[in-house]
Amino acid sequence: MTVRPLRIVVIAGEVSGDRLGGALIRALRTRRADLVVSGMAGPDMLEAGCERLAHIDELSVMGISEVLRSFPRLRALRSRLVEHCLQIRPDAVVAIDVPDFNLGLELRLKRAGIRTVHWVCPQAWAWRSGRARKMSNAVDLLLALFPFEVEFFAQCGVRTEFVGHPLADSLPLHPDRLGARRALELAPEGTLIALMPGSRSQEIGRLLEPFVAAARILASGRSALRFVLCTAREDHASRARAACAGLPIDVFTGRSHQVLSAADVAIVASGTVTLEAMLCATPMVVGYRLAPLSYLIIRRLVRIPRIALPNILSGRPLVPELIQADMTPQALATAVLDWLGDPVRRAEYDATCREWHTLLRCDAAGRAADVILKMIEA
């Protein structure tokens, strides 16, 4: 009698989701050697052995107006993934983040009798709370990165498990700044400022120029400062090198952990990179800008006063946020100098980062794999 292998479909829609998917696939494979995985994947998931049905870049759209323009293409993509799942009938479909895309996919699959898992809770506690109710119809299991999310979604009828955050597992509790500089072949001495303008092309388009302009202001006032810039893709790195001409700056691709660990202060886009910087205990200034229409709509929907994960987790303005029109090069530069000039603030920030790092360090991929397998075997 032929035993059917364990079949999992993983749907990731951006770089951070691809990393989560890759870690999950590796953890599942250590538990089930017969694992067969397909899905929407990036380089990390492909390296872990995922058969690619679509590339994560096909879902690389940010902002409400941009999504509306791309709706026909996104609908076709979702239908293609649904049809694949209906054909192979996997033991589970794991959709990572991107709830606006994935919830519709999960709803169709759950109605067809396929188990659905959603990893990374939508920020329904921040805006569009109705999504939490929708999840109870679309998702069999929700995996939470942060402990406070469990109670919120459980109250909405969603089975939710806290698994921790893979970044907290992969990054050391005590970053080695000198070791990171050596790995990047940077001078060990001096003050280093990191620029992290995002992983999506639209983020690069809106954030690269003001981030670099802030670096130029800082360099003109303090000639001893040096800079590093990190992108997720080589085409973004080429664009960054052109924008940074004349600056004392090194540009890297795909080495965000080392860049953040090496830096004394970072200017970062809002998103997962803010948590990454926090876990590296790197003081940061958060800057973000959306298309004007998207911002006007979202501003009326958001129910919390802060958007950066360190501020949400700590419940206070731990790091400065400069959003939309407030994100000027001068404001970014001034916020960086404020960090550099306040050692007491940096020490308090460091202690807070260690506390959260310890709390989130749970072997997230392993926990997620165990919970998923328990659900399948039940």
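Notes on the structure follow. (Residues numbered from 1 in each chain as written. Predicted model: local features only at pLDDT ≥ 70, side-chain atom pairs only at ≥ 80, totals over all residues. Heavy atoms only, no water.)

With respect to the nonpolar core
- In this structure, Ile8, Trp119, Leu143, Phe227, Leu229, Leu275 and Met278 are the most contacted members of the largest nonpolar core, which totals 108 residues.
- Once residues lying within four places of it in the same chain are set aside, the contact partners of Leu229 are Leu195, Pro197, Leu208, Val212, Ala240, Cys244, Ile249, Asp250, Val251 and Phe252.
- With 17 residues, the next largest nonpolar core counts Met40, Leu77, Val98 and Leu109 among its residues. (Core = buried A, V, L, I, M, F, W, Y, C linked by side-chain atoms within 4.5 Å. Buried < 20%, exposed > 50% of the residue type's maximum accessible area, 1.4 Å probe, protein only. Contact = heavy atoms within 4.5 Å.)

Quick word on the packing of aromatic side chains
- Scanning the entire structure with this criterion turns up three aromatic pairs.
- Geometry around Phe101 places Arg78 over its ring, the cationic atom sitting 5.8 Å from the centre.
- Over the face of the ring belonging to Trp339 we find Arg345, whose NZ or CZ atom lies 3.6 Å from the ring centre. (Phe/Tyr/Trp six-rings, centres within 6.5 Å; stacked < 30°, edge-to-face > 60°. Lys NZ or Arg CZ within 6 Å of the ring centre and 35° of its normal.)

Some thoughts on the environment of Met135
- By secondary structure assignment, the location of Met135 is in helix α5 (residues 130-138).
- Excluding its chain neighbours within four sequence positions, the residues that come into contact with Met135 are Leu103, His118, Pro122, Leu142, Phe153 and Val158. (Helix = DSSP H or I, 4+ residues; strand = E, 2+ residues; numbered from the N terminus.)

Quick look at the packing of helix α1 (residues 15-31) against helix α17 (residues 364-377)
- Where α1 contacts α17, the two axes come as close as 8 Å, and the packing angle between them is 60°. Of the possible angle classes, the one that applies to α1 and α17 is oblique. The two elements α1 and α17 cross, and the hand of that crossing is right-handed. On α17, the residues that touch Ala23, Leu24, Ala27, Leu28 and Arg31 of α1 are Ala365, Gly366, Ala368, Ala369, Asp370, Ile372 and Leu373. (Axes fitted to C-alpha atoms, helices over the stretch in contact; angles between N-to-C directions. Parallel < 35°, antiparallel > 145°, perpendicular 65-115°, else oblique. Left-handed = near helix turned anticlockwise from the far one by under 90°.)

Focus on the state of the cysteines
- Scanning the entire structure with this criterion turns up zero disulfides.
- Looking at the unpaired Cys362, the closest cysteine sulfur is the one in Cys121, lying at 14 Å.
- Residue class for Cys362 comes out buried when judged on its relative accessible area of 16%. (Disulfide = S-S within 2.5 Å.)

So, the side chain of Thr160
- You can see Thr160 is positioned in strand β7 (residues 160-162).
- Separated by 2.9 Å, the side chain of Thr160 and the backbone oxygen of Val158 make a polar contact. (Polar contact = N/O pair within 3.5 Å; in protein donor to acceptor, adjacent residues only side chain to side chain.)

Concerning the packing of helix α15 (residues 329-340) against helix α16 (residues 343-360)
- Between α15 and α16, the shortest axis-to-axis distance is 6 Å and the interhelical angle comes to 85°. With respect to their mutual orientation, α15 and α16 come out roughly perpendicular. Listed contacts from α16 to Asp338, Trp339 and Leu340 of α15 are Arg345, Arg346 and Tyr349.
- Of the residues assigned to the contact of α15 with α16, the class counts are three nonpolar, no polar and three charged. (Nonpolar A, V, L, I, M, F, W, Y, C, P; charged D, E, K, R; others polar.)

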